[in-house]
Amino acid sequence: MKLLMIFISAAIVNNFVLTYFLGICPFLGVSRRLDTAVNMGFATTFVMTLTAAITWLIHKYILVAFNVPFLEYVTFIIAISSLVQFVEMFIRKMSPPLYRSLGIFLPLITTNCAILGLALFAVLREYTFLESIFFGVGAGVGFTIALVIMAGIREELEFADVPQSLQGAPMTLLVAGMLALAFMGFAGLLSV
């Protein structure tokens, strides 16, 4: 039951994008088209899940074992960068159209603060290995949900009569703010 609560908490209640405001760059940049948002969400979920597993192992068996927890940031960033490079090579080889559609945003997963935040939150909350994996999957699913909702709204706004002064970035930021307010309604439902 605790694993389910960790998943729901990471995906909905404590959504990384709409609650912690982590990962805003790809959230605003990739959410123009629904298909691109879904693909970016899946790639980020995959990286977040692997990051949760790898960084837990690094923390437990290297940093804590050798009493060097002050190296968390450096080792986590190196691990995340390596994982993203592997994912990028895999997508380039297996699906060139997907690789082209993600464009610059695929390498930006490396600098996505939501992924580093995931690794640091898992350590801070002292999750077990399995809990960290559920946390990573939940955070990735939550990131995907936020991207898909935003992309769906932005696609519909293309056909709406939006005043000239609100077109583009102003409307995008207004919608993002309204989504964040909507997700604040979940605050306090779970404390995991």
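Residues numbered from 1 in each chain as written. Predicted model: local features only at pLDDT ≥ 70, side-chain atom pairs only at ≥ 80, totals over all residues. Heavy atoms only, no water.

Taken N-terminus to C-terminus, the directions of helix H3 (residues 34-63) and helix H4 (residues 72-94) make an angle of 145 degrees; their axes are 9 Å apart at the nearest point. In the packing of H3 onto H4, the handedness of the crossing is right-handed. Listed contacts from H4 to Ala43, Phe46, Val47, Leu50, Thr51, Ile54, Thr55, Ile58, His59 and Leu63 of H3 are Glu72, Thr75, Phe76, Ala79, Ile80, Leu83, Val84, Val87 and Ile91. Across the contact of H3 with H4, the residue classes tally to 14 nonpolar, four polar and one charged. (Axes fitted to C-alpha atoms, helices over the stretch in contact; angles between N-to-C directions. Helix = DSSP H or I, 4+ residues; strand = E, 2+ residues; numbered from the N terminus. Left-handed = near helix turned anticlockwise from the far one by under 90°. Contact = heavy atoms within 4.5 Å. Nonpolar A, V, L, I, M, F, W, Y, C, P; charged D, E, K, R; others polar.)

Okay, unusual backbone geometry next. In this structure, Phe21 takes a positive phi of about 60 degrees despite not being glycine. Its location among the elements puts Phe21 in the loop between helix H1 (2-13) and helix H2 (24-29). Phi at Glu126 takes a positive value of approximately 55 degrees, unusual for a residue other than glycine. Inspection of the secondary structure assignment puts Glu126 in the loop between helix H6 (113-124) and helix H7 (129-157).

Now for the packing of aromatic side chains. Per the counting criterion, the structure on display carries eight aromatic pairs. An angle of 55 degrees between the planes, with centres 5.8 Å apart, marks the rings of Phe16 and Phe135 as tilted. Residue Phe16 is found in the loop between H1 and H2, and its partner Phe135 is found in helix H7; the two are separated by 119 residues along the sequence. Assigned by exposure class, Phe16 and Phe135 land together as buried. With a centroid separation of 5.3 Å and 65 degrees between ring planes, the pair formed by Trp56 and Phe129 is classed as edge-to-face. Pair noted here: Trp56 is in helix H3 and Phe129 is in helix H7, with a separation of 73 residues, a long-range link. By relative accessible area, Trp56 is classed as buried at 18%. A relative accessible area of 31% means that Phe129 is categorised as partly exposed. (Phe/Tyr/Trp six-rings, centres within 6.5 Å; stacked < 30°, edge-to-face > 60°. Buried < 20%, exposed > 50% of the residue type's maximum accessible area, 1.4 Å probe, protein only.)

We now examine the pattern of salt bridges. A full pass over the atoms with the stated rule returns four salt bridges. Among the salt bridges present, the one from Glu88 reaches Arg92, with a minimum N-O distance of 3.7 Å. In this pair, Glu88 and Arg92 both sit in helix H4, four residues apart, roughly one turn of the helix. On the accessibility criterion, Arg92 (44% relative accessible area) is partly exposed. Through salt bridges with shared partners, a single network forms among Arg33, Glu155 and Glu158. (Salt bridge = Lys/Arg side-chain N within 4 Å of Asp/Glu carboxyl O.)

Right, let's get into the nonpolar core. Of all hydrophobic cores here, the largest spans 48 residues; its most connected members are Phe16, Phe27, Ile109 and Phe135. If we skip the residues at most four places from it in the chain, Phe135 touches Ile6, Ala10, Phe16, Leu118, Phe121, Ala122, Arg125 and Tyr127. (Core = buried A, V, L, I, M, F, W, Y, C linked by side-chain atoms within 4.5 Å.)

Let us now look at the side chain of Glu88. Taking the relative accessible area as the measure of exposure, Glu88 reaches 7% and is therefore buried. Within the structure, Glu88 has its side chain in polar contact with the side chain of Tyr99 (distance 3.2 Å). Apart from residues lying up to four places away in sequence, Glu88 is in contact with Tyr99, Leu106 and Pro107. (Polar contact = N/O pair within 3.5 Å; in protein donor to acceptor, adjacent residues only side chain to side chain.)

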